Amino acid sequence: EILSPGGVFLNLEHIASPDKDVEGLFDGAFVYSMYRHFQGTKTLEECQKAVAYDLSVDEDANILAPVDTQCEWLREIGFQHVDCYFKFLILALFGGVKAR
């Protein structure tokens, strides 16, 4: 096994949101962040198209689950101290400690 007992597992993952408006907020923040990153070398429309493409590339294969469900999966396989440590809209950092 790769992770030793007592080892910490962390996963930074896009998660399913129960609210479509939250997904829209994330998409908007993604576009704005990209636009600011390119500091005027790309138009807002170019950034919107790039984000739309990025979010659609693996849409069929990328089946998102709520963070609570993913934390429960970790508990079911024996992880302890499982929690969501950080969440921003539909991006979450969660994990736990492998049982000793």
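As shown above, the structure is provided for reference.
Here goes a summary of the coordinates provided. (Residues numbered from 1 in each chain as written. Predicted model: local features only at pLDDT ≥ 70, side-chain atom pairs only at ≥ 80, totals over all residues. Heavy atoms only, no water.)

**Overview of the environment of R100**
- Tracing the chain through its elements places R100 in the segment after strand 3 (91-98).
- Given the relative accessible area of 82%, R100 is considered exposed.
- Separated by 20 residues in the primary sequence, R100 and Q80 have C-alpha atoms spaced 9.5 Å apart.
- Those residues in contact with R100, other than ones at most four positions away along the chain, are P5 and G6. (Helix = DSSP H or I, 4+ residues; strand = E, 2+ residues; numbered from the N terminus. Buried < 20%, exposed > 50% of the residue type's maximum accessible area, 1.4 Å probe, protein only. Contact = heavy atoms within 4.5 Å.)

**Thoughts on the packing of helix 1 (residues 20-37) against helix 2 (residues 44-56)**
- Where helix 1 meets helix 2, the closest approach of the two axes is 9 Å, and the angle between their N-to-C directions is 130 degrees. By the angle between their directions, the pair helix 1 and helix 2 is classed as oblique. Where helix 1 crosses over helix 2, the two elements pack in a sense that is right-handed. Along the contact surface, helix 1 presents D27, F30, V31, M34 and Y35, while helix 2 presents L44, C47, Q48, A50, V51, D54 and L55.
- Of the residues belonging to the contact of helix 1 with helix 2, the class tally is nine nonpolar, one polar and two charged. (Axes fitted to C-alpha atoms, helices over the stretch in contact; angles between N-to-C directions. Parallel < 35°, antiparallel > 145°, perpendicular 65-115°, else oblique. Left-handed = near helix turned anticlockwise from the far one by under 90°. Nonpolar A, V, L, I, M, F, W, Y, C, P; charged D, E, K, R; others polar.)

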